[in-house]
Amino acid sequence: MQRQRMVQNQASGAAYTADYAAGAAEPQRRPSYGNQAAPPAQVVQPVVLPQAAPAPSHAGGGSGGGGGKRWRALYDYSAADDDEASFNEGDIASNVEVIDEGWINGKVERTGHSGMMPRNYFEEV
């Protein structure tokens, strides 16, 4: 009799337990697909979000200074690194972006050189 229950449980996918024999709730059964393959798992497709358009370029045209914020140099400065720009007192820097409390990035209109410059050497125009 026990062998018959084991064979029935194996065929149905249910595990035989002592609780089941004692009349407890029927054990959880696994789905049986017979000779058929199990249904395919759900496939999640990645979502591709549109990219923002690039910012308009201020290159070319005009007085050579471009657009954006303009700042005036209060003192002379000689670049100490390759990523810095040198300037003279009175030079105008255009397309200025504030990097942090001590540095700005922009283009010196007189020379056309771009780079980082000490913020405390400039005033906003």
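Everything that follows concerns the structure shown earlier in this document.
Asker: Looking at this structure, I do not really get the nonpolar core. What am I missing?
Answerer: The nonpolar side chains of a soluble globular protein tend to be buried, and buried together. Counting 11 residues, the largest nonpolar core consists of Trp71, Ala73, Tyr77, Ala85, Phe87, Ala93, Val96, Ile104, Val108, Met117 and Phe122. With sequence-adjacent residues up to four places away left out, alanine 85 is seen in contact with Tyr77, Ala79, Val108, His113, Ser114, Gly115, Met116 and Met117.

Asker: Which parts of the structure should I look at to understand the pairing of strand β4 (residues 114-118)?
Answerer: Walk down a regular strand and you will see the side chains alternate between the two sheet faces. Taken together, the five bridges between strand β3 (residues 103-108) and β4 define a ladder with antiparallel strand orientation. Across the sheet, the residue bridging to lysine 107 is serine 114, located in β4. Where β3 folds back on β4, the antiparallel hairpin that results is connected by five residues, among which glycine 112 adopts a positive phi of roughly 80 degrees.

Asker: Even after reading the chapter, I still don't get unusual backbone geometry, so can you show me in this structure?
Answerer: Note: most residues except glycine have negative phi, and most peptide bonds are trans. For asparagine 95, which is not a glycine, the phi torsion comes out positive at approximately 55 degrees. Topologically, asparagine 95 is positioned in strand β2 (residues 92-98).

Asker: What's the story with the sheet that holds strand β1 (residues 71-73) in this structure? I'm lost.
Answerer: Within a sheet, adjacent strands bond to each other through the backbone by hydrogen bonds, running parallel or antiparallel. Across the sheet, which stays open at both edges, the five strands sit in the order β4-β3-β2-β1-β5 with antiparallel pairing between neighbours. Two strands bound the open sheet, and with one partner strand each, they are β4 and β5 (122-124). Going from strand to strand, the sheet's axes swing by 40 degrees on average, the running direction of each strand aside. As paired elements, β2 and β3 share four bridges and run antiparallel to each other. Pairing of valine 98 across the sheet is with isoleucine 104, part of β3.

Calculation notes
- Residues numbered from 1 in each chain as written.
- Predicted model: local features only at pLDDT ≥ 70, side-chain atom pairs only at ≥ 80, totals over all residues.
- Heavy atoms only, no water.
- Core = buried A, V, L, I, M, F, W, Y, C linked by side-chain atoms within 4.5 Å.
- Buried < 20%, exposed > 50% of the residue type's maximum accessible area, 1.4 Å probe, protein only.
- Contact = heavy atoms within 4.5 Å.
- Pairing = 2+ DSSP bridges.
- Helix = DSSP H or I, 4+ residues; strand = E, 2+ residues; numbered from the N terminus.
- Axes fitted to C-alpha atoms, helices over the stretch in contact; angles between N-to-C directions.

Read these as layout, nothing more, since geometry by itself doesn't imply function.
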